[in-house]
Amino acid sequence: MEVERDFIGSPPLKTVRFGGNVVDTLAKFKRGDTNDYELLKHQLSDPDIKDAQIINWLQEFRNCVTQLTKDHEQLVSVVLRLPWLGRSPAVVEEYLAFLSNLVSAQTVYLRSCLKMVVSHFTPGRIVIREGGVDISDSDDEDENLPRNFDLCHRALQVISRYVPSTTRFLMPILTDNFPFVQKSSRTLECYVHNLLRVTVYLPTLRRDILELVMGRMLKLDVSAPRSEIEEAEESPAQQARGREGPPEEGLFDMDEDDLARPSGEAGGAVMAHPVAERLDTLMDILLAYIKDVCFVSGSLHLTQTKELYRDLVGVFDKLVLPTHACCHVQFALFYLCSFRLGLAEAFLEHLWKTVQNPSHPPVLRQAAAAYVGSFLARANFLSITTVKACLDLLVPWLHRYIDSQDAGSRAFCDVSLHGPFYSACQAVFYTLIFRHQQILEGSLRQGMAYLQQMNLERIVMCQLNPLKVCLPAITNMFAAITRKYQLVFCYTIIERNNRLTLPAVRSGQGGESLPVNTNPLDSFFPFDPYLLKRSGKLIEPIYQVWEEPGDCEVDGQKKPVRQVTPLRCPMAKRRMTSCRGRRPTMTVWWA
């Protein structure tokens, strides 16, 4: 194969080589003469090897590929490490031809070839010498990265074309090569990007790859609690306020969310919490992938969307639902469900089956109930008809549960016995807090009739006493709303529960005071406000922020609309900003 050259602008190619050809070298090695064999490995490892030399070597190896048995593993390893990326098109084509010949004739080297390709899924490493110390860093400024990634995926497609069992060997390699979650955002971004790109031409691996990616993202998610992210985001704003001096009182009642937002586009684009920054990068990639799979030329492709939904729900059941207090990864399904109402209804039906199924562990049933309530409250793309349909399933189930327990020996307040019931109660209360105004819109009479037929008083007054277990913030707001519309009067029960509750603090070791558990249900709301900035720009348009009714009285006192209550996270109305100006991004994603 001829190599195109610029004879005027390029120096003569170095084609000097020592020893015999590859066939003779392999024959001598078989007879026990290793001199030429070692010389060959040395020449192949030359860092200054030229394109013409690589092509000549690869052509010779292709002619004797059937002789490259397991005995020549070291030599083949050296050949696979040849610097083919970033070389001329002629080198690339010859190298890909060699790969196809090698895996076809010697499948024993399939894993080695796959490992070689996957090793290039992240930016190369460069060594920076500072103060006599070698510091390894990622070469993320390489302009050839997009082209190199394209060639890696082309190589995988070549291998899979010649070896149908490639997918069975590839998945463990992808798992083993996943960068440590503490690596740089750029390294994680490139690797996850390439993993998701594999699913385009190897669709049978999509479920496993999504499970791998979301599993690693969950590790980041749980290691960056909501309180830590909020605190990290507040600190820069507090420092800025300190430099500017104390605010003048009496002029404006500024929203604390505006104060928390760093000034300047660049400052508002990067998460102050380092783990949250890495998670934001990966969520941005995952949401972009979901959109690209589901939309073809701007139109929703229903078949592809349904297939992706099934894969994501499978990963959700296996990894996300059992993970307590994760804050962001579950929004991948939230985002997907916003594409079509039927997907959202299917997701709610799936959760509802888990809630009411006694064969599932109680902890999973409680988590599923929390997802139902949070999804109904926060998804602004849900119609009120869908919300009422879900309430029509939840509320009768609560009444049936009360019927089965009221006359029994277990008819008393106990989270360990009735956890799913309490979680379902809290889901109903939480949904009504967010959606009662929509239920009453249009026809107040019909809306009131709908709320009255729920018979909420029976649920609140039953011997299981759900108001004692639900979060105080939910209980108080629910009590205020139901009193306003004269649906049920909860304050008598709340006061009685407060009198029967243990003291607010207990003594710990050393005599210090420790607060008692104010969340006996250990509940959380999985779709609480989304805190990540870059990926959040896709969530913000489909998300229902909490807007406290201005005329509701909580604990007997009217609160202004702008006052923050426990139902509203201080970051709930954060304005998400896009940040794509930090570095060059890959222009081709999943083609």
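Below is a short write-up of the structure.

Structural notes on the overall build of the protein chain
Along the protein chain, the regular secondary structure elements total 25 helices and eight strands. Pairs at least 24 residues apart make up 76% of the contacts formed inside the protein chain by residues separated by at least 6 positions. If you sum the accessible surface of the protein chain, you get close to 28,400 Å²; carbon and sulfur atoms cover 51% of it.

A short note on helix α24 (residues 491–500)
Turning to α24, its buried residues are Tyr491, Ile493, Ile494 and Asn497. Within α24, the buried residues cover an arc of 160° as seen down the axis, which keeps them to one side. Exposed residues on α24 whose side chains face more than 90 degrees from its buried face are Thr492, Arg499 and Leu500.

Observations concerning empty space enclosed by the protein
Tallied over the full model, the rule gives three cavities of 30 Å³ or more. As a volume, the second largest cavity reaches approximately 40 Å³. Around the second largest cavity sit Leu432, Ile433, His436, Leu451, Leu456, Phe478, Ile481, Thr482 and Leu487, which together line it. Only α19 (415–440) and α23 (472–484) provide two or more residues apiece to the lining of the second largest cavity. Split into classes, the residues belonging to the lining of the second largest cavity amount to seven nonpolar, two polar and no charged.

Quick word on the environment of Ala224
For Ala224, the position within the fold is in the loop between α10 (206–222) and α11 (226–244). Distance in space between the C-alpha atoms of Ala224 and Cys327 is 8.8 Å, their sequence separation being 103 residues. Residues contacting Ala224, with those up to four places away along its chain left out, are Ile229, His273, Val275 and Ala276.

Considering the nonpolar core
Counting 177 residues, the largest nonpolar core has Phe61, Trp84, Ile290, Phe375 and Phe429 as the members making the most contacts within it. With near-sequence residues (within four places) excluded, Ile290 lies in contact with Leu308, Leu312, Ala332, Tyr335, Leu336 and Phe339.

Looking at the side chain of Arg216
Looking at the element boundaries, Arg216 is found in helix α10. Contacts of Arg216, omitting those with residues within four sequence positions, involve Thr175, Phe178, Pro179 and Val181.

Side note on the environment of Arg435
Within the secondary structure layout, Arg435 lies in helix α19. Distance in space between the C-alpha atoms of Arg435 and Ile384 is 7.9 Å, their sequence separation being 51 residues.

Examining the packing of aromatic side chains
On inspection of all chains with the given rule, the structure shows 31 aromatic pairs. Aromatic side chains Tyr95 and Phe98 sit 6.4 Å apart centroid to centroid with 55° between the ring planes, which places their arrangement in the tilted category. Here Tyr95 and its partner Phe98 are both found in helix α5 (residues 89–105), three residues apart, which amounts to about one turn of the helix. The pair Tyr95 / Phe98 is uniform in exposure class, with both members buried. We note Lys388 situated over the ring of Tyr450; from NZ or CZ to the ring centre the distance is 4.7 Å.

Comments concerning helix α4 (residues 73–80)
Within the span of α4, buried status applies to Leu75, Val76, Val78, Val79 and Leu80. Residues of α4 that are buried in the fold lie against α1 (22–31), α2 (35–44), α3 (51–63), α5 and α6 (110–118).

Details of unusual backbone geometry
One non-glycine residue, Ser297, adopts positive backbone phi at about 55°. By the secondary structure assignment, Ser297 is in the loop between β3 (295–296) and β4 (299–300). By relative accessible area, which is 78% here, Ser297 ends up exposed. The phi dihedral of Gln486 is positive, around 55°, even though this residue is not glycine.

A few points about the packing of α19 against α23
One way to put it is that α19 packs onto α23 with a least axis distance of 10 Å and a crossing angle of 55°. The angle between α19 and α23 places the two elements in the oblique class. In the packing of α19 onto α23, the handedness of the crossing is left-handed. Between α19, through Gln426, Phe429, Tyr430, Leu432, Ile433 and His436, and α23, the contact on the second element is made entirely by Ile474, Met477, Phe478 and Ile481. Across the contact of α19 with α23, the residue classes break down as eight nonpolar, two polar and no charged.

Cut-offs applied
Residues numbered from 1 in each chain as written. Predicted model: local features only at pLDDT ≥ 70, side-chain atom pairs only at ≥ 80, totals over all residues. Heavy atoms only, no water. Helix = DSSP H or I, 4+ residues; strand = E, 2+ residues; numbered from the N terminus. Contact = heavy atoms within 4.5 Å. Areas by Shrake-Rupley, 256 points an atom, 1.4 Å probe, with all protein chains shown as cover. Buried < 20%, exposed > 50% of the residue type's maximum accessible area, 1.4 Å probe, protein only. Arc of directions from axis to C-beta. 1 Å grid on protein atoms, 1.4 Å probe; cavity = no way out; pocket = protein on both sides within 12 Å on 5 of 7 lines; lining within 4 Å. Points joined across faces, edges and corners; volume = space filled by probe spheres on them. Nonpolar A, V, L, I, M, F, W, Y, C, P; charged D, E, K, R; others polar. Core = buried A, V, L, I, M, F, W, Y, C linked by side-chain atoms within 4.5 Å. Phe/Tyr/Trp six-rings, centres within 6.5 Å; stacked < 30°, edge-to-face > 60°. Lys NZ or Arg CZ within 6 Å of the ring centre and 35° of its normal. Axes fitted to C-alpha atoms, helices over the stretch in contact; angles between N-to-C directions. Parallel < 35°, antiparallel > 145°, perpendicular 65-115°, else oblique. Left-handed = near helix turned anticlockwise from the far one by under 90°.

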